[in-house]
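Coordinate analysis (summary)
Below are the chains, spelled out letter by letter.
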Amino acid sequence: MLEVLGVKHGFRAGFFQKRVMVLDGLNFSVTRGSVFGLLGSNGAGKTTLIHLVVGLTKPVAGRITINDVCSLDRAAKSMLGYLPERPYFPDHLTGEGLLKYFGRLSGLTDDLIRKRIPETLEEVGLAKAGEVQLKKYSKGMLQRIGIAQAIIHDPELLVLDEPMSGLDPLGRKEMRELIIRLAARGKTVFFSSHVIHDVEMICDSVALLRNGKVARIGTIGELLSKGPLQTEIAFTGVVMDQVSCLYGLTSLQSIPDGLRGIVSGNDAVKDVIQALIKLNARILWVTPVRPSLEDLFIGETS
Amino acid sequence: MNFSDIRRIIRSIGLVTFFEIITDRILYNVLLFAVLVFVLGFLASQLSFLRPERIVLDFGFSAVNLSCSMIGVLVGAGLISKEFDRRTAYTSLARPISRGQLIFGRFSGLCMVLVLNWALLSGCFIGILALSTEKFVDVLSASLFVGLVLALLQSAVVASIATFFSTFTTTSLSVIFSFALFLVGHNISELHAMAAKIEVPAARILLKAVATGLPNLEYFDIGAKITYSLPVTWQFILGSITYGLLIVAGFIMLGGITVRAREV
């Protein structure tokens, strides 16, 4: 669906307009019907990459295609819907007026626009607010009308820049549900976010940008399986002093049932369990501790 | 994309821009200024024993002329830069439209506002003129109507200049540059006269080139002819209209080229 091939981009800055590179040779693809999350700290190049994907600007090197059509081409723009970060819409317009305007810019006929407006407003949960001026919309409603303008022409690819930005927990939940609904309808969703929890909950695949390069990419499962493997072991029947010197057992803590510790690596788990049994300890549970995407993100960006 | 699609896109952008501008406070401030000048002219005419209608005519025409041009500059200066600053342009340009269409659409919306403002103020002006003089029919000369049409054209010209500046610089700088060109544009003959007096050849050529290259707004200023009801030739009218339209087209095209090179 979306192919990013050797993309490099930068901005001209300073008196001599020297080009400062922001993206440095990005390569990845997004499969049809998936939800793809773009993670990265501030200045990693997420918004710049999104501007290239939606054809707002031309990369210095490389190529971006949507269904094998160059992203700068009008045909590619007809296939995508875009919600910028912190969008601003002419607030004298009503929700319906805004959709009519963007429908016309997308090349829809007036008949089709009239048909699509109620469907789209229903889709984003604004069916009753279509005739209300945007100046009276809340932040969450503005984000939803932003999504509505992006899907008015029924595009195959949705590109959302920080769609959860500035929303309260309920607004974020609604936005997540909306994205999941759109994905279930067969849309490909490509979005950037700072909120790792949201990305972890709704994305099929994730790319982690660092200093303009893809530091990690893959499905959530793949990425997390590559993280450091740790195992939590809980046991009873021994005192803290007996086990504090056991090799490999760290982060020892008292718990109501006994003691709990963390072991890193597969081999160490076996050794620690054997040592505990020798000390007549009773094992309560052995649980692998899966690293979160946040751990991975902090590890990669710090 | 055929011509009717392009026209439809430009009309949509133009209408949204039109309604956006008429909700802007700047417009009403300028209109208030024009009304105050009308009232001032009317009051001043009451104090005069000799040809009071000339005072109303002078004040009224200046109010229409200045307010149209002020709206052109003040609104045109933020027409494109604000679109990029607020990222509204991003949502539009992610659609299958070109940057040139966006600029032309925005400019056409501004032109609709200029026409509306011009029609309202011209109506007020002629109304006040009718109230303030018994010889109303004598005052209504062809020059007055030509002058009003040229005032509208001048406002479109300065709006196109301001729009061009707004494609690559901030709103405040666009206002400064546009007002500077507005002032210089009304004094092109002074520049030519000054160039003729300069003895250094290089400086003379340079000043002449500047005077020739800058938009000459004197072609749209026939204030003295209106006051004294002097005739205006058809050649002058046609020449001024053609010149004005060419300048508008030139600046909007330049704006299109500049905004294409703009990084987002």
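Note that the structure is predicted; figures quoted are calculated from it, not measured. (Residues numbered from 1 in each chain as written. Chains lettered and ligands numbered in written order. Predicted model: local features only at pLDDT ≥ 70, side-chain atom pairs only at ≥ 80, totals over all residues. Heavy atoms only, no water.)

All names here are of chain A. With five of seven residues buried, strand β13 (residues 258–264) is to be regarded as a mostly interior element. Bridge count for strand β11 (residues 230–236) against β13 is six bridges, and the pairing is antiparallel. Bridge pairing links Glu232 to Ile262 in β13. Relative to β13, strand β12 (residues 249–255) is paired through five bridges, and the arrangement is antiparallel. (Buried < 20%, exposed > 50% of the residue type's maximum accessible area, 1.4 Å probe, protein only. Helix = DSSP H or I, 4+ residues; strand = E, 2+ residues; numbered from the N terminus. Pairing = 2+ DSSP bridges.)

Below, the discussion takes up the side chain of A:Arg116. All names here are of chain A. Here Arg116 lies in helix α4 (residues 110–123). Polar contacts involving the side chain of Arg116 include one to the side chain of Glu119, which spans 3.1 Å. Among the polar contacts made by the side chain of Arg116, one reaches the main-chain carbonyl oxygen of Ile151 at a distance of 2.7 Å. With residues up to four places along the chain from it excluded, the contact list for Arg116 reads Ile151, Ile152 and Asp154. (Polar contact = N/O pair within 3.5 Å; in protein donor to acceptor, adjacent residues only side chain to side chain. Contact = heavy atoms within 4.5 Å.)

By volume, the largest pocket is sized at about 490 Å³. The wall of the largest pocket is formed by 19 residues, among which A:Gly55, A:Leu56, A:Leu72, B:Arg99 and B:Arg260 lie closest to the centre. Those elements that place two or more of their residues in the lining of the largest pocket are α2 (74–78) of chain A together with α13 (234–261) of chain B. (1 Å grid on protein atoms, 1.4 Å probe; cavity = no way out; pocket = protein on both sides within 12 Å on 5 of 7 lines; lining within 4 Å. Points joined across faces, edges and corners; volume = space filled by probe spheres on them.)

What follows concerns the confidence of the model for chain A. When pLDDT is averaged along chain A, the result is 86; 96% of the residues meet or exceed 70. Least confident of the elements in chain A is helix α11 (residues 293–301) of chain A, whose mean pLDDT is 69; most confident is helix α3 (residues 95–105) of chain A, at 94. (pLDDT = per-residue confidence, 0-100.)

This next bit is on the pattern of salt bridges. For side chains of opposite charge, pairing can occur when their charged atoms come near one another. Residue and element names in this part refer to chain A. All chains considered together, the criterion is met by 20 salt bridges over all chains. Between Arg185 and Glu123 there is a salt bridge, and its shortest N-O distance comes to 2.3 Å. With a gap of 62 residues between them, Arg185 in the loop between α6 (169–184) and β8 (188–193) and Glu123 in helix α4 connect regions that are remote in the sequence. Residue Arg185 is classed as partly exposed on the basis of its relative accessible area, which comes to 42%. (Salt bridge = Lys/Arg side-chain N within 4 Å of Asp/Glu carboxyl O.)

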